[in-house]
Amino acid sequence: MHMKTKHIGAFLFSLLVGVVAAQAPEEGPVAGVFSTTQLINAQTTNLLETKGFEFKIQHRFGAFNLDESAYKQFLGLDLPANIRFGFGYAFSDRLNVEIGRTKVNKTYDLGLKYLVLQQTKNNAAPVSIALYGNMALGSDEFPAIGEHHYYADGTTPFQYEFAHRLSYNTQVIVSRKISHKLSVQAAAVFIYHNLVAAESDNHTMALPIGGRFRTGLQSSVLVEYAAVFNNHAPNHLNPMSLAYEVGTAGHVFQMVLSSSSSMLEQNEYTTPSVDYLEGEILLGFNIKRMFWSKKKQMENENHYP
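What you are looking at is a predicted structure, and each value in this text was computed from that prediction instead of being measured.

*Asks:* Go over the overall build of the protein, please, and point to the residues and values.
*Replies:* The helix and strand tally for the protein stands at 4 helices and 12 strands. When the 305 residues of the protein are sorted by exposure, 39% land in the buried category. Nonlocal contacts in the protein, meaning residues at least 24 apart in sequence, comprise 59% of its contacts between residues at least 6 apart. When the accessible surface of the protein is split by element, carbon and sulfur atoms take 64% of a total near 16800 Å².

*Asks:* Summarise the pattern of salt bridges; cite the residues concerned and give the values.
*Replies:* Counting across every chain of the model gives 6 salt bridges. Close ionic contact of Lys 56 with Glu 54 constitutes a salt bridge, the shortest N to O distance being 3.4 Å.

*Asks:* Kindly report on the layout of surface pockets, identifying the contributing residues and their values.
*Replies:* Of the volumes computed, that of the largest pocket is approximately 990 Å³. Taken together, the elements giving at least two residues each to the lining of the largest pocket come down to strand 5 (128-138), strand 6 (166-177) and helix 3 (265-268). Per element, the largest residue contribution to the lining of the largest pocket is 3 residues, and it comes from strand 5. Of the residues contributing to the lining of the largest pocket, the split by class is 18 nonpolar, 22 polar and 5 charged.

*Asks:* Describe the nonpolar core, and please don't skip the residues or the numbers.
*Replies:* Core analysis: the biggest nonpolar cluster contains 10 residues, these being Ala 42, Tyr 132, Ile 173, Ala 187, Val 189, Ile 191, Ala 206, Ala 226, Val 228 and Tyr 269. Secondary-structure elements contributing two or more residues to this core are strand 7 (182-193) and strand 9 (219-228). Ranked by residue count, the leading element in this core is strand 7, at 3 residues. Residues in contact with Val 189, not counting those within four places in the same chain, are Asn 169, Thr 170, Gln 171, Thr 204, Met 205, Ala 206, Pro 208 and Tyr 269. The next biggest cluster of nonpolar side chains, apart from the first, holds 8 residues, and it includes Val 30, Val 33, Leu 39 and Leu 222.

*Asks:* So, the sheet that holds strand 12 (residues 280-291): which residues are in play, and what are the values?
*Replies:* Sheet architecture is closed into a barrel: 12 strands sit in the order 1-2-3-4-5-6-7-8-9-10-11-12, paired in antiparallel fashion. With strand direction ignored, the average angle separating the axes of adjacent strands in the sheet is 20°. Where strand 4 (residues 107-117) lies against strand 5, 10 bridges are found, and the strand directions are antiparallel. Bridging from a neighbouring strand, Gly 111 pairs with Asn 134 of strand 5.

*Asks:* Describe empty space enclosed by the protein, listing the residues and the values that go with them.
*Replies:* Summary: where empty space remains is shown by rolling a probe the size of a single water molecule over the atoms. Per the counting criterion, the structure on display carries 3 cavities of 30 Å³ or more. Surrounding the largest cavity, Thr 37, Gln 43, Leu 48, Glu 54, Gly 88, Asn 96, Val 97, Glu 98, Gly 111, Leu 112, Lys 113 and Tyr 132 form its lining. Of all the secondary-structure elements, those providing two or more residues to the lining of the largest cavity are strand 3 (95-102) and strand 4. Class assignment for the residues of the lining of the largest cavity results in 4 nonpolar, 5 polar and 3 charged. For the second largest cavity, the calculated volume is near 70 Å³. Forming the walls of the second largest cavity are 14 residues, and the residues nearest its centre are Gln 38, Gln 43, Tyr 132, Met 263 and Leu 264.

*Asks:* Provide a residue-level description of the side chain of Thr 45, including the pertinent values.
*Replies:* Residue position: Thr 45 is located in the loop between helix 1 (2-23) and strand 1 (53-65). There is a polar contact of 2.6 Å between the side chain of Thr 45 and the side chain of Ser 175. Setting aside residues up to four positions removed in sequence, Thr 45 forms contacts with Leu 115, Ser 128, Ile 129, Ala 130, Ile 173, Val 174, Ser 175 and Gln 185.

*Asks:* Provide a residue-level description of a nonpolar patch on the surface, including the pertinent values.
*Replies:* A surface patch of nonpolar side chains, amounting to about 790 Å² of accessible area, comprises Phe 213, Val 221, Val 223, Leu 242, Tyr 244, Val 246, Phe 253, Met 255, Leu 257 and Ile 287. Listing elements by their share of the nonpolar patch, those giving two or more residues are strand 9, strand 10 (240-247) and strand 11 (251-258). Structurally, Phe 213 can be placed in strand 8 (residues 203-214).

*Asks:* Which residues make up the pairing of strand 11, and what values go with them?
*Replies:* The alternating pattern of strand 11 places Val 252, Gln 254, Val 256 and Ser 258 on a buried face and His 251, Phe 253, Met 255 and Leu 257 on a face that is not buried. Across 7 bridges, strand 10 lies against strand 11 in antiparallel orientation. Bridged to Gly 247 within strand 11 is Val 252. Counting the residues that bridge the hairpin from strand 10 to strand 11 gives 3 residues. Here strand 11 runs beside strand 12; their pairing, made up of 8 bridges, is antiparallel. Within strand 12, the residue paired with Met 255 across the bridge is Phe 285.

Calculation criteria
Residues numbered from 1 in each chain as written. Predicted model: local features only at pLDDT ≥ 70, side-chain atom pairs only at ≥ 80, totals over all residues. Heavy atoms only, no water. Helix = DSSP H or I, 4+ residues; strand = E, 2+ residues; numbered from the N terminus. Buried < 20%, exposed > 50% of the residue type's maximum accessible area, 1.4 Å probe, protein only. Contact = heavy atoms within 4.5 Å. Areas by Shrake-Rupley, 256 points an atom, 1.4 Å probe, with all protein chains shown as cover. Salt bridge = Lys/Arg side-chain N within 4 Å of Asp/Glu carboxyl O. 1 Å grid on protein atoms, 1.4 Å probe; cavity = no way out; pocket = protein on both sides within 12 Å on 5 of 7 lines; lining within 4 Å. Points joined across faces, edges and corners; volume = space filled by probe spheres on them. Nonpolar A, V, L, I, M, F, W, Y, C, P; charged D, E, K, R; others polar. Core = buried A, V, L, I, M, F, W, Y, C linked by side-chain atoms within 4.5 Å. Pairing = 2+ DSSP bridges. Axes fitted to C-alpha atoms, helices over the stretch in contact; angles between N-to-C directions. Polar contact = N/O pair within 3.5 Å; in protein donor to acceptor, adjacent residues only side chain to side chain. Patch = residues over 30% accessible without salt bridge, like charges linked within 9 Å, V, L, I, M, F, W, Y side chains within 5 Å.

So this is what it looks like as structure tokens:
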């Protein structure tokens, strides 16, 4: 009788420990805040896994209106398009580098992203924070200028310099995975172009916000919107994009509706959007392919973050 009581006591103690452990908050970082390093055009706090690679193709067709021109221009596929290729590499779980090339202005860019803080399951870190910087170089021929063009001072004759090809994009990105289905983010963005029109500012400040809502095991709806605070053209509209995403362990495909053909943020936030309030829009897609070591590839089999 004494031994039976001991066994019952041990069983009840083990059960109590199990219940307490089950109720304790999980530790460790939150995975799958977003599926890749970019939402649609905007950077996310996601980084590639250590020594992982990412190759992406971003494509935007020409702008069309939601009227008879939609089928005449075949949803913009008959019109001039813009395309960007990007290649990313993870130096570590906290530092990524990416190089890219965009068709418009034959632009090359180099970006670095550093993960400052990663959201944890027990909310000790309630958000993820990343720093991002990008430098772009437009390599196309400069447009011709007349004989009587001056700098903003009105007296110094204008002439092109190599520095005029450069632009910069600096960001602080904050994101949170609210639930298994919903993730949101916002970023403080400072953009600087070395060469702008005389009536424009060299710097542009913007606040892009975005989110991801999972609609299935391997699908999501994505949205981006950027409030641009200065350098407004007449009839300015803030840029926005919407996408439907399908992903697997190594591939992510996005069908995109966007107000801009630009895919580099320093161009997207500083060039006019199409008049989407009047039904004008651009169709496009993003394709992203991730690569890992053979061991990591097996761990990620059939997994979509």
